[in-house]
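Structure assessment
Now for the letters of each chain:
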Amino acid sequence: MSAHNEETPILIEDESTGDGAVELQAGADAAGKRLDQWLAARLGPDMSRSRVKALIKQGAVSIAGRPVEEAKRKMAAGERVSVVMPEPEPAEPQGEDIALDVLYEDDELIVINKPAGLVVHPGAGNWTGTLVNALIHHCGDSLSGIGGVRRPGIVHRLDKETSGVMVVAKTDRAHKALSEAFADHGRTGDLERAYLALVWGIPQRPTGTVDAALGRAADRVRRAVVPQGRDDARHAVTHFSVVERFGEAQQAFATASLVECRLETGRTHQIRVHMAYIGHPVIGDPDYGQAFRTKANRLPEPLKAMVNAFPRQALHAWLLEFRHPATHLTMRFEAPIPEDMEELVGGFRKF
């Protein structure tokens, strides 16, 4: 079973233009969506909606050979959209005065509670306004340089629209130790990570494990469960347990669950792909939960409106525990569910 379906837009390198253009074809699920929203989802996690709007304003987006003027233009199924991608910008990020929710800081490391909507490091479409820009401003020259100029101090990451606890190294010693811990995923050391996800449906068992290799989906942007022997297959294991069930006594309505997920491996989009693979995609997930969006129509108001308006995947990294690279003491940090996700969970509790 794969999160990809034949109606999903396919990203195609435009070899005829020679100018870095890409062409995307809209599937049936694109009908009625805003162009900027659809493009941001299709061009990958590092391309923000604001960056897409800027490209449209610059005349870099065309449909049927004609430049598009309005970002809010509604899409139609089957349309082919051409995007001229900008030239790479300078790789060395600059510090920016972006507020950080600091949970802990010392000379070796800093632990922050990342909000949803914040990209971790600069990349295509997001050269500014990232967590790295904020860290450079906050920490100055003290960040570890092992990760390179674009990822100073970064030893792990969260998706742009996933909130929660992150640790960043400020020294090379901390960077090496933490990177090894994350690479090992706590199998032989002290590392624990736990996420909370609000998902569609109720798993048949209260606990379970998804052991399914991940690779690139057909659109080359997202991830999908793939055969273990495929060249790009990467071993991936997610353990989950059901924390709360919603709607199981209301047979007329769609059910949902609050699930805790713990990672044995750390692949891109792992929790989102694995939960979709077992039939319980994260609510609000624009990449792996589209096929379940109609479930919201079975919900009573105002919960139906809340689900339809929720702008991101309901996924939060609530716990991070690791051994301090200098003191060797076990450090444990928790971040409460952010307000938007808490309101959504509260809406499910009421029906």
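Residues numbered from 1 in each chain as written. Predicted model: local features only at pLDDT ≥ 70, side-chain atom pairs only at ≥ 80, totals over all residues. Heavy atoms only, no water.

**Some details on the environment of V111**
Threshold: Helix numbers and strand numbers start at the N terminus; a helix is a DSSP run of H or I with at least 4 residues, a strand a run of E with at least 2. In this analysis, two residues are considered to be in contact whenever any of their non-hydrogen atoms come within 4.5 Å of each other.
Topologically, V111 is positioned in strand 7 (residues 109-114). Sequence separation between V111 and V168 is 57 residues, and the spatial gap between their C-alpha atoms is 6.3 Å. Other than its neighbours up to four places away in sequence, V111 contacts D101, V102, L103, Y104, V165, M166, V167, F322 and F333.

**A word on the pattern of salt bridges**
The test is simple: Whenever a carboxyl oxygen of Asp or Glu lies within 4 Å of a side-chain nitrogen of Lys or Arg, that contact is scored as a salt bridge. Each residue is assigned to one of three classes by its accessible area relative to the maximum for its type, calculated with a 1.4 Å probe on protein chains only: buried under 20%, partly exposed between the two thresholds, exposed over 50%.
On inspection of all chains with the given rule, the structure shows 22 salt bridges. Between R42 and D287 there is a salt bridge, with its nearest N and O atoms 3.1 Å apart. With R42 in helix 1 (residues 35-42) and D287 in the loop between helix 5 (270-277) and helix 6 (303-309), this pair connects stretches of sequence that are 245 residues apart. Under the relative-accessibility criterion, R42 is labelled buried at 6%. Measuring nitrogen to oxygen at the nearest pair gives 2.7 Å for the salt bridge that ties R73 to E79. Classification of R73 by relative accessible area gives partly exposed; the value is 28%. Residues joined in a network through salt bridges with shared partners are R42, R157, D159, R272, D285 and D287.

**A closer look at the packing of aromatic side chains**
The cut-off we apply is this: A pair of Phe, Tyr and Trp rings is counted when the ring centres sit within 6.5 Å of each other, with Trp represented by its six-membered ring. The angle between the planes then sorts it: under 30 degrees is stacked, over 60 is edge-to-face, the rest tilted.
Within the structure shown, the criterion is met by four aromatic pairs. Grouped by ring-pair contacts, the aromatic residues Y104, F322 and F333 constitute a single cluster.

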